[in-house]
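Per-entry structural report
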Amino acid sequence: MKKIILASLLALAPLVSLAAGEGPQLDKAGIDLEDKASLQRGAGHFFNYCVGCHSLKFMRYNRMGQDLGISDEVLKSTILPSYKKAGDTITVSMPEDLGKKWFGKAPPDLSVTARYRGTDWIYTYLRSFYLDDKRPYGVNNLVFPDVGMPHVLWELEGAKKAVYKTETNAEGNEHQVFEGFEQVKPGKLTPAEYDRFARDLTNFLTYVAEPVRVEREKLGIWVILFLLVFTGVAYLLKKEYWKDVH
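What you see is a predicted model, and the numbers here were worked out from it, not measured in a lab.

Here we come to the nonpolar core. In this structure, Phe46, Phe47, Leu56, Met64, Ile90, Phe204 and Tyr207 are the most contacted members of the largest nonpolar core, which totals 40 residues. Sorting the residues of this core by element identifies helix 2 (36-49), strand 1 (56-60), helix 3 (61-68), helix 4 (72-79), helix 7 (119-126) and helix 9 (191-209) as the ones contributing at least two each. Here this core gets nine residues from one element, more than from any other, and that element is helix 9. Beyond its immediate chain neighbours, meaning those up to four positions away, Phe46 contacts Val51, His54, Leu56, Ile90, Leu110, Leu201, Phe204 and Leu205.

Okay, here's the thing in C-alpha cells:
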C-alpha cells in the first residue's frame with residue numbers, strides 16, 4: 001500500500017511543479033469591499049462597458065442597490081433597463097448563439113469569476129491587453145492567451161504592445177521573456193486613472209461574487225472570540241469535575 005501511495009505522489013510531482021511555475025505574474029489589486037464609493041464606480045463601469053455581453057445572473061438589481069447605497073431613484077434612472085423590474089437578476093439580451101458566432105464562444109457570466117479566478121487575476125487581466133495582428137480582433141491578452149474577447153476598454157486605456165527580450169537558459173537555448181508593455185496610442189485616461197478604473201471594476205466583481213463577505217468576516221471574529229471564551233470555560237469545568245479523581 002505504501003509503495004502505491006509513493007508511486008502516485010511521484011507521478012503527480014511533475015504536474016504540481018509545472019502548475020506552480022505556469023502563468024504570468026499577477027499584480028495585487030488592493031481592493032477594499034468597504035469602500036462604497038469604489039464599489040459604486042465599479043458598478044457604473046460594469047453597466048457602461050460590460051453588461052452588453054456579460055451577465056451577473058446570481059445578483060438582483062435591488063440587492064445590489066441596497067448593498068452599495070444606490071437609491072431606488074438612481075437605480076431606475078441610470079442602471080435598471082425599462083423592461084426590467086428591480087427584483088430581476090442582471091442578465092443580458094444578447095442571444096447565446098450570436099455570442100458564439102461573434103466571439104467563438106458565448107461570453108461567460110461573471111457572477112462568481114472573482115471566486116474561481118481571483119481578484120488579482122481580474123485586475124491584471126483588465127490591464128494586460130496588447131496589440132496582436134494575428135488575432136481576429138487585433139489584440140491578445142498576457143493573462144488569458146488567445147482570448148476571444150476584444151479590448152472593449154481600449155479607448156480608455158489606449159493601445160500598447162508587448163515587449164519581449166531574448167534570454168538563454170542553462171542548456172544554451174534562447175527563449176522570449178516578457179519584459180513589459182509599450183504605449184503605442186494614448187487613451188482617454190492616464191495610466192494611473194485606468195488603474196483605478198480597473199481596480200474599481202475588480203472591486204465590484206469581487207463584491208458580486210460574495211455579497212455577504214464583509215459581514216461574514218466580521219461575524220467570524222465574534223465566532224472565534226466566543227470559541228476562545230468557551231474553550232476557557234470548558235477547561236475550568238473539566239478541572240472542577242476531575243479535581244477529586246485520583
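There is more to say after this.
Now for the layout of surface pockets. By volume, the largest pocket amounts to about 680 Å³. Lining the largest pocket are 26 residues; nearest its centre among them are His54, Pro108, Leu110, Tyr125 and Met149. Residue contributions to the lining of the largest pocket peak at four residues, all from helix 7. Taken together, the residues of the lining of the largest pocket sort by class into 21 nonpolar, three polar and two charged. Quantified by volume, the second largest pocket comes out at close to 400 Å³. What lines the second largest pocket is a set of 20 residues, among which Asp27, Arg127, Ser128, Phe178 and Phe181 lie closest to the centre. Elements that contribute at least two residues to the lining of the second largest pocket include exactly strand 6 (174-186) and helix 9. In terms of residue count, the dominant contributor to the lining of the second largest pocket is strand 6 (four residues).

A word on the pattern of salt bridges. Applying the stated rule across the entire model yields ten salt bridges. With its nearest N and O atoms 2.7 Å apart, the salt bridge here joins Asp27 to Arg127. Remark: Arg127 occurs in the loop between helix 7 and strand 3 (129-131) and Asp27 occurs in the loop between helix 1 (2-21) and helix 2; sequence separation between them is 100 residues. Residue classification places Asp27 among the partly exposed positions, given a relative accessible area of 31%. Put simply, Arg115 and Glu210 hold a salt bridge, and the shortest N to O gap is 4.0 Å. Linking Arg115 in helix 6 (residues 113-116) with Glu210 in the loop between helix 9 and helix 10 (213-242), this pair joins segments that are 95 residues apart in sequence.

What follows deals with the UniProt feature "transmembrane region" (unreviewed entry) in the protein. In the numbering used here, UniProt assigns the feature "transmembrane region" (unreviewed entry) to residues 219-237. Summarising residues 219-237: 100% helix, 0% strand, and an end-to-end C-alpha distance of 27 Å.

On to the side chain of His54. For His54, the position within the fold is in the loop between helix 2 and strand 1. A distance of 2.8 Å separates a polar side-chain atom of His54 from the backbone oxygen of Pro108. When residues no more than four places from it in sequence are discounted, the contact partners of His54 are Phe46, Val92, Pro107, Pro108, Leu110 and Met149.

Reading the values: the criteria
Residues numbered from 1 in each chain as written. Predicted model: local features only at pLDDT ≥ 70, side-chain atom pairs only at ≥ 80, totals over all residues. Heavy atoms only, no water. Core = buried A, V, L, I, M, F, W, Y, C linked by side-chain atoms within 4.5 Å. Buried < 20%, exposed > 50% of the residue type's maximum accessible area, 1.4 Å probe, protein only. Helix = DSSP H or I, 4+ residues; strand = E, 2+ residues; numbered from the N terminus. Contact = heavy atoms within 4.5 Å. 1 Å grid on protein atoms, 1.4 Å probe; cavity = no way out; pocket = protein on both sides within 12 Å on 5 of 7 lines; lining within 4 Å. Points joined across faces, edges and corners; volume = space filled by probe spheres on them. Nonpolar A, V, L, I, M, F, W, Y, C, P; charged D, E, K, R; others polar. Salt bridge = Lys/Arg side-chain N within 4 Å of Asp/Glu carboxyl O. UniProt positions renumbered as here; feature names shortened; annotations may be inferred. Polar contact = N/O pair within 3.5 Å; in protein donor to acceptor, adjacent residues only side chain to side chain.

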